[in-house]
Amino acid sequence: YHVLLAALSMVVLFRGTLRPRAPTEPNLSAPFSSPYLPPQVERALWAAPRAEVNLLRQGDFGLLSSHVCARALAAPVGQSLIMIAGPIGPGRETAAALHALCDVARTSHRAPMLYKCAARTAVVARQIGWRALPVAQEAWISPQDFATQGSSRRQLRRLLRKASASGVALVEGGRTLLLSRMRQVADDWSARHGGERGFSMGTFDADYVSCQRVFLAWKDDTLVGFLTLHEVQNEWTLDLMRQSRDAPDGTMHLLVVRAIESAAALNCPRLSLAAVPQPWADGSSELFRLLQYALKISGDAQGLRRFKSCFAPNRPPLYAAAPSTLSLATGLWDVLRHINRNSGARRE
């Protein structure tokens, strides 16, 4: 009896007392109930490399965290656990974020997938054995270098002249927004476009747009359009574009140019016009060609492509990535259904 106690005491003496283990297992928080986030979360988003992380305010995504560190935004969708855009932190955290995604997906019996990530993030995914596929093209510009001159922006200049000649006046939204009038414009747009999408696309909500950069277009005393942008320290990203049926041609182009000018004045180095579905690639399997086609027809892809081409932006690809071909296909299908869950109203 005494020998056993002495042996245990010697173990404690040489190894030290046992301490409770810190919670280091990755976890996914519940979506926030309000777009007004806690201060520590606001700080993490502001320092993120991509402004799209502000989708956290919309109520679909939670924070994927491990080691008391916010890694990324993720959401359970169907049979998949979807991470959007990539890690919140710098590039060196990409592998850790993907491993955390896999751990949480495993405990929830879902397949992990990364959606709409940049090429560098896709490279890291491939290095750990994942399959990656280009699914979208992002349009982005440098506000400081932007100018409407040049043959590539001839169409843009024509539309800007039409909007200006029609008497459209622009105002940058401040702390007080005419949300009821914005709601009327958003409802009119939604009725004509088969409803709003969601998930990786913004939907109109008064509190949500109050957390964004907002630019308004007026004709006389009537609000005819507005756009909103996500904002972080080094990037603005276009989110909502809404205009009424009475908006003159070129109204939205004029709003985008006004936002670019504002970003340039505040020394923002990058403004993203968001993404459109990737054109079909030669050599793609029939499965992925079908998924790309479904993504393409889920919205007005051709119209958005024409709109954004007026600004002659850079167009790098964005990728989806998953550990296997099956989980990649399943994840893309889950994303497509979730984006369109609120749409379906008949177009006029």
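Look up a bit, the structure's there.
Here the structure is a predicted model, which means the values were calculated and not measured.

Reading the values: rules and limits
- Per chain, residue numbering runs from 1 following the sequence as it is written.
- Only residues with pLDDT of at least 70 get local features here, since the model is predicted, and only at 80 or more are side-chain atom pairs given and counted; chain-wide, interface and lining totals rely on the full set of residues.
- As a rule here, side-chain values come from all non-hydrogen atoms in the structure, and water together with hydrogens is ignored.
- For helices the rule is a DSSP run of H or I covering at least 4 residues; for strands it is a run of E covering at least 2, with both sets numbered from the N terminus onward.
- A 3.5 Å cut-off defines polar contacts: any pair of N or O atoms within that distance qualifies, except that in protein one atom must be a possible hydrogen donor and the other a possible acceptor, and neighbouring residues in sequence count only when both atoms are side-chain atoms.
- The contact criterion used is simple: two residues touch if any of their non-hydrogen atoms lie within 4.5 Å.
- How far a helix is expected to stretch is found by multiplying one less than its residue total by 1.5 Å.
- In this scheme, a residue with accessible area under 20% of its type's maximum is buried, one over 50% is exposed, and one in between is partly exposed, where area comes from a 1.4 Å probe on protein chains only.
- DSSP-based pairing: two strands are paired if at least 2 bridges between them are found.
- As used in this record, nonpolar core signifies buried Ala, Val, Leu, Ile, Met, Phe, Trp, Tyr and Cys residues forming a set joined through side-chain atoms within 4.5 Å.
- Classification of ring pairs uses Phe, Tyr and Trp, with its six-membered ring standing for Trp, and accepts pairs whose centres are within 6.5 Å; under 30 degrees between planes counts as stacked, over 60 as edge-to-face, and the remaining range as tilted.
- Any Lys NZ or Arg CZ that is within 6 Å of a ring centre and within 35 degrees of that ring's normal is treated as a charge sitting over the ring.

(A) Structural context of the side chain of glutamate 138. Relative to the assigned elements, glutamate 138 resides in strand β6 (residues 131-141). Among the polar contacts made by the side chain of glutamate 138, one reaches the side chain of arginine 270 at a distance of 3.0 Å. At 2.8 Å, the side chain of glutamate 138 forms a polar contact with the side chain of serine 272. Apart from residues no more than four positions distant in its own chain, glutamate 138 is found in contact with Arg50, Glu235, Arg270, Ser272, Ala274, Ala275, Asn314, Arg315, Pro316 and Leu318.

(B) Region of the structure containing helix α8 (residues 251-265). Here α8 is 15 residues long and its end C-alpha atoms lie 21 Å apart, about the 21 Å a rise of 1.5 Å per residue gives. Most of α8 is tucked away, with 11 of its 15 residues classed as buried. Residues of α8 that are buried: Thr251, Met252, His253, Leu254, Leu255, Val256, Val257, Ala259, Ile260, Ser262 and Ala263. Just past α8, the residue asparagine 267 takes up positive phi, approximately 60°.

(C) Spatial organisation of the sheet that holds β6. The 12 strands lie next to each other as β1-β2-β3-β4-β5-β12-β6-β11-β10-β9-β8-β7, forming an open sheet whose pairing is mixed. Edge strands, defined here as strands with exactly one partner in the open sheet, are β1 (27-28) and β7 (168-172). Pairing of strand β10 (residues 235-243) with strand β11 (residues 271-277) involves 2 bridges; the strand directions are parallel. Bridging from a neighbouring strand, tryptophan 236 pairs with leucine 271 of β11.

(D) Geometry of helix α3 (residues 94-107). In a regular helix each residue adds 1.5 Å, so 14 residues correspond to 20 Å; α3 covers 20 Å between its end C-alpha atoms and thus fits that length. For α3, the complete set of buried residues consists of Thr94, Ala97, Leu98, Ala100, Leu101, Cys102, Val104 and Ala105. Its buried side turned inward, α3 meets β1, β2 (62-66), β3 (69-77), β4 (80-84), β5 (111-117) and α4 (119-127). Downstream of α3 by one or two residues, histidine 109 has phi in the positive range, about 60°.

(E) Local environment of the nonpolar core. Ranked by size, the top nonpolar core spans 44 residues in total, and within it Tyr115 and Met182 carry the most contacts. Of all the elements, helix α11 (residues 325-339) adds the most residues to this core, at 4 residues. Methionine 182 has contacts with Leu177, Phe204, Val209, Val214, Leu216, Leu223 and Phe226, leaving out every residue within four places of it along the chain. Counting 31 residues, the second largest nonpolar core, distinct from the first, contains Leu159, Val224, Ala247 and Ala259.

(F) Geometry of the packing of aromatic side chains. Applying the stated rule across the entire model yields 4 aromatic pairs. Between the aromatic rings of phenylalanine 307 and phenylalanine 311, the centroid separation amounts to 5.6 Å while the plane-to-plane angle is 65°, which identifies the pairing as edge-to-face. Phenylalanine 311 carries the same exposure label as phenylalanine 307, and that label is buried. The positively charged end of arginine 242 is found above the aromatic ring belonging to tryptophan 189, 3.9 Å away from the centroid.

(G) Main features of unusual backbone geometry. In the Ramachandran plot, histidine 109 falls in the positive-phi region, its phi being about 60° despite a non-glycine side chain. Judged by relative accessible area, histidine 109 falls into the exposed class, the value being 70%. Phi angles above zero are rare outside glycine, and alanine 312 is one such case at about 45°. Relative to the helices and strands, alanine 312 is located in the loop between α10 (301-309) and β12 (317-322).

(H) The pairing of strand β9 (residues 222-232), seen in detail. Along β9, 9 of the 11 residues are buried, which leaves the element largely enclosed by surrounding structure. Of the pairings in the sheet, the one linking strand β8 (residues 213-219) to β9 comprises 7 bridges and is antiparallel in character. Note that in β9 the partner of phenylalanine 215 across the bridge is leucine 227. Connecting the antiparallel pair β8 and β9 is a turn made up of 2 residues, with aspartate 220 showing a positive phi of about 60°. Inspection of the sheet shows β9 paired to β10 by 7 bridges, in the antiparallel sense.

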